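Inside the fold
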Amino acid sequence: MLPASITGWSAEGQALEVEEAPAAQVMLFGVFHFANPSRDVVKSEIIDVLTPKNQQYLEQLTGRLAKQSPTHVMLECDPALQEKYNRLFHSYLKGEHKLDVNENQQLGFRIAAQAGLTDVICYDEQKVHWKGGELIEYMKKSSPDRKKLFDEHIQQFSELTAHHHQTFSLERLLRQSNDPSEDRENMNLYLMVNDIGAGGEFVGAGASTSWWHRNFRMYANIQAVAQPGTRVIAIAGSGHTAILKTFLATDLARESWDVNAYL
């Protein structure tokens, strides 16, 4: 990390001290997809975030985060849609747009609005995707036993997730989405098939690499914004933030800002 100040000399020979901005603080806010678009490996019925009780909680939560003076709010949306998102956000600021049922608006728009920000930032990566289709097809032909185990694991995880959404409060679900044990489980879904095709086509490692590649690009988008003196809140599905947190933990130029203190 850079020092807090640099001492130099003026043309007149006087000592100068130039204060440097503090390191960027980055909050990685992991969530489940509020609208349940069924793009994830694990699919299940989810809690209704639009009930009066849950809306009240989201208002309180986003208010707590907004009071921490974030300088930027980043969302899991395609940068190609940046103009659209800011148009919607500006309409929301004017009271002309009702929040859609997704975390980008229910959380991101609320935080940014209450923090007095003029825009939000899309930081998703849509050109690189997990090569899951190739992996599944390979397992069907070459490793049917492993595919059966993988499918059973996904089914069990999906059933457990559905049970949690039927029985847990929204607060508890968000805490779970940001728990280290949940992060480990998320990453393990990809590592458990990493050895498929080892020594040959390395199809499993290729699929794992593609997922980490996407997240490296997402983190690069965060890095571009999280410069010295900024306080960035980046919201994304917990399957992403589980990996992004490992990058942030080893990034000497940025500091982790833990969301769990505010949930």
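Residues numbered from 1 in each chain as written. Predicted model: local features only at pLDDT ≥ 70, side-chain atom pairs only at ≥ 80, totals over all residues. Heavy atoms only, no water.

- As annotated in an unreviewed UniProt entry, the chain carries the name DUF5694 domain-containing protein and is attributed to Microbulbifer spongiae.

Considering the packing of aromatic side chains
- A full pass over the atoms with the stated rule returns 10 aromatic pairs.
- Pairing phenylalanine 216 with phenylalanine 247 gives two aromatic rings, centres 4.1 Å apart and planes at 15 degrees, and the pair type is stacked. A residue pair is termed long-range when its members are at least 10 positions apart, and phenylalanine 216 in helix H8 (residues 203-225) and phenylalanine 247 in helix H9 (residues 238-249) qualify at 31 residues.
- A residue is classified by how much of its surface remains accessible, and phenylalanine 247, at 10% relative accessible area, is buried.
- Put simply, the rings of Tyr85, Phe89, Tyr92 and Phe109 touch in pairs and so form one group of aromatic residues.
- The ring of phenylalanine 168 has arginine 172 sitting right over it, with the charged end atom 3.6 Å from the ring centre. (Phe/Tyr/Trp six-rings, centres within 6.5 Å; stacked < 30°, edge-to-face > 60°. Helix = DSSP H or I, 4+ residues; strand = E, 2+ residues; numbered from the N terminus. Buried < 20%, exposed > 50% of the residue type's maximum accessible area, 1.4 Å probe, protein only. Lys NZ or Arg CZ within 6 Å of the ring centre and 35° of its normal.)

Describing the packing of H8 against H9
- Their axes nearest at 10 Å, the elements H8 and H9 cross at an angle of 65 degrees. Note that H8 runs across H9; the crossing there is right-handed. Listed contacts from H9 to Trp211, Trp212, Arg214, Asn215, Phe216, Met218, Tyr219 and Ile222 of H8 are Gly239, His240, Ile243, Leu244, Phe247 and Leu248.
- Across the contact of H8 with H9, the residue classes break down as 10 nonpolar, 3 polar and 1 charged. (Axes fitted to C-alpha atoms, helices over the stretch in contact; angles between N-to-C directions. Left-handed = near helix turned anticlockwise from the far one by under 90°. Contact = heavy atoms within 4.5 Å. Nonpolar A, V, L, I, M, F, W, Y, C, P; charged D, E, K, R; others polar.)

Some remarks on unusual backbone geometry
- A positive phi angle, close to 55 degrees, is found at serine 69, a residue other than glycine.
- Here serine 69 lies in the loop between helix H1 (52-66) and strand E4 (72-75).
- Despite not being glycine, phenylalanine 202 shows a phi value in the positive range, around 50 degrees.
- Mapped onto the fold, phenylalanine 202 is located in the loop between helix H7 (180-191) and H8.
- On the basis of relative accessibility, which here comes to 43%, the residue phenylalanine 202 falls in the partly exposed class.

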